[in-house]
Amino acid sequence: MNESKPQSMSSFWMPFTNNRDFKAHPRLLVSAQGMYYKDVDGNAILDGTAGLWCVPCGHAQPKIVAAVSEMVGQLDFAPTFQMGHPAAFDLAEQLMEYTGHKFGHVFYTNSGSEAVDTALKIALAYHKARGEGGRTRLIGRERGYHGVGFGGLSVGGIGPNRKNFGPLLPGVDHLPHTHNLLKNAFSRGEPDFGAELADELERIVALHDPSTIAAVIIEPVSGSTGVLVPPKGYLKRLREICDKYGILLIFDEVITGFGRLTTPFAADYFDVEPDMMTTAKGLTNGVVPMGAVFSKKFIHDAFMDAPPGIELAHGYTYSGHPLACAASIATLEVFKEQGVLENARAIQPYWEDAVHALRGLPHVIDIRTIGLVAGIELEPIAGKPGARAFAAFKKAFADGVLIRVTGDIIALSPPLVLEKKHIDELFGKLTDVLRNLD
């Protein structure tokens with residue numbers, strides 16, 4: 001692999017990036033091992049974000065590397081339209097076991113965005129298969145992030161992601177977000193106030209009529225909008241309301257899945273079972289793009305009652321790609337053999353204390369923690385929203401630490417294999433960054 005600076009960076013139109021700023025001051029990563037990246041200048045960069053929330057087992061895990069290397073020489077590609085390959089079926093069984101058999105089936109995609117659009121389409125088609133084709137309305141939530149497909153953008157609630165793309169899907173409504181700085185600042189775990197906001201779903205149901213609503217989709221913990229943790233009892237109340245009106249509940253676990261909260265999924269942490277669950281990122285430890293929708297058996301079975309033929313006219317060329325399946329099977333093995341979840345649970349209190357030790361530093365107005373994820377909210381610079389956190393991101397990278405920022409919020413989500421020394425290094429450097437931030 002080329003570890004030198006590219007001759008030109010003009011042709012690559014970078015995603016979710018200030019392209020002009022980046023290309024004037026590039027941050028180029030050339031290798032990764034364990035908890036660290038190496039940049040093009042040979043500097044070690046501690047990974048405080050698990051890549052992009054997607055590397056729970058750490059970088060360059062030998063078992064995963066070997067599994068993908070072996071598969072690419074054995075079966076580089078196999079279609080899954082009207083045919084298949086063994087790894088896709090083997091992985092599906094292992095994923096059902098990993099969920100504790102709370103779900104019955106898995107539908108493969110290539111990303112979290114595709115998983116969301118797939119789940120929304122399954123929800124609509126499920127109701128039609130049952131003779132309730134009038135259930136076409138989808139409910140998302142303000143400040144929710146569900147990828148960048150038109151379905152995900154429509155149910156998502158982040159204004160800048162939506163504003164340039166027209167009216168999006170019709171028939172979509174949004175629950176209010178639960179973020180409350182006045183009552184819930186500096187919470188550890190689920191905040192005390194805000195469960196009553198789930199009852200806004202009752203208002204939406206009354207407004208539109210329950211017979212028109214297909215599904216509610218939310219992130220159990222909102223990640224990309226700045227680590228918004230649900231209030232105590234909030235998710236259970238949503239589950240109760242959905243059951244009351246026959247509405248499907250979808251958890252977007254693209255970020256929270258595969259150990260982020262120290263449990264296999266957020267559904268386990270909060271003891272709330274959705275009807276469908278979207279996943280990606282940690283599914284393959286980020287090694288090969290892959291997403292998946294986990295579905296309750298009753299949803300799948302509704303399609304199987306149809307006349308003979310293709311039950312769901314949906315899928316992707318790379319659904320269940322052999323390399324992705326190999327990476328995911330190996331990832332599940334690493335979780336088990338190396339005790340990844342056990343390590344996450346053991347180190348979580350030390351992590352939480354280290355995060356909250358930042359309280360009182362300049363510009364810090366809130367800190368939110370749950371599992372091995374943290375949101376550190378900074379007071380915005382007047383008239384320049386996002387500028388302060390972006391400056392922190394740049395300073396941290398220059399000091400050898402990778403953080404993620406969204407608006408004026410620093411989001412941290414390290415690989416789950418981290419040790420106390422990594423926590424000390426991360427927060428030692430981040431403390432210096434915040435103390436010297438304008």
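Described in the following lines is the structure provided in the data block. Each chain has its residues counted from 1, following the order in which its sequence is written. In view of the model being predicted, local features appear only for residues whose pLDDT reaches at least 70, and side-chain atom pairs are presented and counted only at 80 or more, with totals across whole chains, interfaces and linings using the full set of residues. Think of the side-chain values as coming from all heavy atoms in the structure, minus any hydrogens and water.

## Quick word on helix α13 (residues 322–337)
For the record, the criterion: Numbered from the N terminus, helices here are DSSP runs of H or I no shorter than four residues, and strands are runs of E no shorter than two. Expected helix span is computed as 1.5 Å times (number of residues minus one). Relative accessible area decides the class of each residue, using a 1.4 Å probe on protein chains only: under 20% of the type maximum gives buried, over 50% gives exposed, and in between gives partly exposed.
Here α13 is 16 residues long and its end C-alpha atoms lie 22 Å apart, about the 22 Å a rise of 1.5 Å per residue gives. Burial analysis of α13 places 13 of its 16 residues in the buried class, which makes it a mostly covered element. Count one or two residues on from α13 and you reach Gly339, which has phi positive near 60°.

## Points about the pairing of strand β3 (residues 44–47)
Threshold: Being paired, for any two strands, means DSSP has found at least two bridges between them.
Here three bridges tie strand β2 (residues 36–39) to β3, and the two strands are oriented antiparallel to one another. Among the inter-strand pairings, Lys38 is bridged to a residue of β3, identified as Ala44. Where β2 hands over to β3, the hairpin turn is made up of four residues, of which Gly42 adopts a positive phi near 90°. Inspection of the sheet shows β3 paired to strand β13 (residues 401–402) by two bridges, in the parallel sense. Bridge pairing links Leu46 to Val401 in β13.

## A few points about unusual backbone geometry
The residue Gln82 is not glycine, and still its phi comes out positive at about 65°. Position of Gln82 relative to the elements: it lies in the loop between α3 (62–74) and α4 (86–98). Its relative accessible area of 73% is what places Gln82 among the exposed residues. Positive phi is not limited to glycine here, since Asn285 has a value of about 60°. Along the chain, Asn285 falls in the loop between β9 (276–279) and β10 (291–295).

## Let's talk about the sheet that holds strand β15 (residues 409–412)
Convention followed: Between the N-to-C directions of two axes lies an angle of 0 to 180 degrees, each axis being a line fitted to C-alpha atoms and, for a helix, fitted only over the stretch in contact. Any two residues whose heavy atoms approach within 4.5 Å are treated as being in contact.
Strands sit in the order β11-β12-β15-β14 across an open sheet of four strands; the sheet is antiparallel. Each end of this open sheet is capped by a strand with a single partner; those strands are β11 (364–370) and β14 (404–406). For this sheet, the mean angle separating the axes of adjacent strands, direction not counted, is 20°. Sheet topology note: the β11/strand β12 (residues 373–378) ladder contains six bridges and is antiparallel. Among the inter-strand pairings, Ile367 is bridged to a residue of β12, identified as Ile376. Those strands touched by helix α16 (residues 420–435) are β11, β12 and β15, and its axis lies near 170° from that of β15.

## So, the environment of Ser328
Here Ser328 lies in helix α13. Of the residues examined, Ser328 reaches a relative accessible area of 0% and is grouped as buried. Residues Ser328 and Val287, 41 residues apart in the sequence, show an inter-C-alpha distance of 8.8 Å.

## Re the side chain of Arg27
Definition in use: Just so you know, the count uses Lys and Arg for positive and Asp and Glu for negative, and it drops His and the chain ends. By convention in these notes, a salt bridge is any Lys or Arg side-chain nitrogen within 4 Å of a carboxyl oxygen on Asp or Glu. In protein, a polar contact means a hydrogen-donor-capable atom and an acceptor-capable atom, both N or O and within 3.5 Å, with residues adjacent in sequence counting only if both atoms are side-chain atoms; elsewhere, any N or O pair within 3.5 Å suffices.
With respect to the helices and strands, Arg27 occurs in the loop between α1 (19–24) and β1 (29–33). Despite its burial, Arg27 pairs with no opposite charge; the closest candidate is Asp21, at 4.5 Å N-O. A polar contact of 3.4 Å, which involves the side chain of Arg27, links it to the backbone oxygen of His25.

## Re the packing of α4 against α13
Stated formally: What makes a crossing left-handed is the near helix being turned counterclockwise from the far one by less than a right angle; a clockwise turn instead makes it right-handed. Amino acids are sorted into nonpolar (Ala, Val, Leu, Ile, Met, Phe, Trp, Tyr, Cys and Pro), charged (Asp, Glu, Lys and Arg) and polar (every other residue, Gly among them).
Between α4 and α13, whose axes approach to 9 Å, the crossing angle comes to 35°. Our pair here, α4 against α13, has a crossing hand that is left-handed. Packed against α4, whose contacting residues are Ala87, Ala88, Asp90, Leu91, Gln94, Leu95 and Tyr98, the element α13 presents Cys325, Ser328, Ile329, Leu332 and Phe335 at the interface. Broken down by class, the residue content of the contact of α4 with α13 amounts to nine nonpolar, two polar and one charged.

It is worth stressing that arrangement in space is one thing and function is another; only the former is reported here.
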